[in-house]
Amino acid sequence: MFIARFLLPSVFVALSSSSAHAHGQEFFVVIYAQILAVAACCGASLFWAKRFAKPRFGVIGCLVGVVVSWVITGGMPYSENMLLITAIQVAFPVIGTAVSVYVAKQYAHSNRRI
């Protein structure tokens, strides 16, 4: 169940490397870094968000962060922006998870229904 619900986005990220404008091995660093970030965010949202809100908010925030990072870095040439692209691809899922869990926590404390 865990694999089907939370690691499928990581597989989707790994399969999306065909759309990269980089040569060979260079892009795998970004893909593997983003896979680790997504897996860590999903695992953390399961552990961290259980007390305050449902874990799906953390996973949804992580997926939104992945999509936003793809939109931001989609047109950038990789060789000139290697470090920036890697930082964005790793940071945005983490930021998306943290923000969505924080918002869900605030909503839960104000409404006590989540």
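Just so it is clear, the model here is predicted, and its values are computed rather than measured. (Residues numbered from 1 in each chain as written. Predicted model: local features only at pLDDT ≥ 70, side-chain atom pairs only at ≥ 80, totals over all residues. Heavy atoms only, no water.)

## Considerations on the packing of aromatic side chains
So, point 1. For the structure on display, the rule yields zero aromatic pairs.
So, point 2. It is Arg 56 that lies over the ring of Phe 57; its NZ or CZ is 5.7 Å from the centre. (Phe/Tyr/Trp six-rings, centres within 6.5 Å; stacked < 30°, edge-to-face > 60°. Lys NZ or Arg CZ within 6 Å of the ring centre and 35° of its normal.)

## A closer look at the nonpolar core
So, point 1. Listed in full, the six residues of the largest apolar core are Val 38, Cys 41, Cys 42, Val 59, Cys 62 and Val 66.
So, point 2. Listing elements by their share of this core, those giving two or more residues are helix 2 (26-48) and helix 3 (56-73). (Core = buried A, V, L, I, M, F, W, Y, C linked by side-chain atoms within 4.5 Å. Buried < 20%, exposed > 50% of the residue type's maximum accessible area, 1.4 Å probe, protein only. Helix = DSSP H or I, 4+ residues; strand = E, 2+ residues; numbered from the N terminus.)

## Observations concerning helix 4 (residues 82-111)
So, point 1. With 30 residues, helix 4 ought to run about 44 Å at 1.5 Å a step, and its terminal C-alpha atoms sit 44 Å apart, in line with that.
So, point 2. Of all bends in helix 4, the biggest is about 25°, found at Ala 91, and the proline Pro 93 comes one to four residues later.
So, point 3. Taken together, the buried positions of helix 4 are occupied by Ile 85, Thr 86, Ile 88, Gln 89, Pro 93, Gly 96, Thr 97, Ser 100, Val 101, Ala 104 and Ala 108. (Expected span 1.5 Å × (residues − 1). Bend = angle between axes of the 7 residues up to and from the residue.)

## Some remarks on the packing of helix 3 against helix 4
So, point 1. At a closest axis distance of 7 Å, the pairing of helix 3 and helix 4 adopts a crossing angle of 145°. In this structure, the crossing between helix 3 and helix 4 has a hand that is right-handed. Where helix 3 abuts helix 4, its residues Phe 57, Gly 58, Gly 61, Cys 62, Gly 65, Val 66, Val 68, Ser 69, Trp 70, Ile 72 and Thr 73 lie against Ile 85, Ile 88, Gln 89, Phe 92, Pro 93, Gly 96, Thr 97, Ser 100, Val 101 and Ala 104.
So, point 2. The residue inventory of the contact of helix 3 with helix 4, partitioned by class, reads twelve nonpolar, nine polar and no charged. (Axes fitted to C-alpha atoms, helices over the stretch in contact; angles between N-to-C directions. Left-handed = near helix turned anticlockwise from the far one by under 90°. Contact = heavy atoms within 4.5 Å. Nonpolar A, V, L, I, M, F, W, Y, C, P; charged D, E, K, R; others polar.)

## Remarks on the state of the cysteines
So, point 1. Inspection of the entire model under this criterion finds zero disulfides.
So, point 2. Sulfur of Cys 41: no disulfide; nearest cysteine sulfur belongs to Cys 62 and is 4.4 Å away.
So, point 3. Given a relative accessible area of 0%, Cys 62 falls into the buried group. (Disulfide = S-S within 2.5 Å.)

## Focus on helix 3
So, point 1. Compared with an ideal rise of 1.5 Å per residue, which puts 18 residues at 26 Å, helix 3 spans 26 Å between its outermost C-alpha atoms and is within 8% of the ideal.
So, point 2. The complete set of buried residues in helix 3 reads Gly 58, Val 59, Gly 61, Cys 62, Gly 65, Val 66, Ser 69 and Thr 73. The buried side chains of helix 3 occupy one side of the element, clustering within an arc of 160° when seen end-on. (Arc of directions from axis to C-beta.)

## Looking at the side chain of Ser 100
So, point 1. By the element assignment, Ser 100 lies in helix 4.
So, point 2. Not counting residues up to four positions away in its chain, the partners in contact with Ser 100 are Phe 57, Gly 58 and Gly 61.

## Details of the confidence of the model for the chain
So, point 1. Mean pLDDT over the chain works out to 77, with 68% of the residues at or above the 70 mark.
So, point 2. Helix 3 holds the highest mean pLDDT among the elements of the chain, 89, whereas helix 1 (residues 2-15) holds the lowest, 59. (pLDDT = per-residue confidence, 0-100.)

## Structural notes on a nonpolar patch on the surface
So, point 1. Taken together, the side chains of Ile 60, Val 64, Val 68 and Ile 72 define a hydrophobic patch exposed on the protein surface, amounting to about 310 Å² of accessible area.
So, point 2. Within the element layout of this structure, Val 68 appears in helix 3. (Patch = residues over 30% accessible without salt bridge, like charges linked within 9 Å, V, L, I, M, F, W, Y side chains within 5 Å. Areas by Shrake-Rupley, 256 points an atom, 1.4 Å probe, with all protein chains shown as cover. Salt bridge = Lys/Arg side-chain N within 4 Å of Asp/Glu carboxyl O.)

## Quick word on the side chain of Ser 69
So, point 1. Position of Ser 69 relative to the elements: it lies in helix 3.
So, point 2. The buried category is assigned to Ser 69, whose relative accessible area is 0%.
So, point 3. Within the structure, the side chain of Ser 69 is placed 3.4 Å from the side chain of Gln 34, a separation counted as a polar contact.
So, point 4. Among the polar contacts listed, one links the side chain of Ser 69 to the backbone oxygen of Val 66, at a separation of 2.7 Å.
So, point 5. Those residues in contact with Ser 69 that lie beyond four places of it in its chain are Gln 34, Ile 88, Gln 89 and Phe 92. (Polar contact = N/O pair within 3.5 Å; in protein donor to acceptor, adjacent residues only side chain to side chain.)

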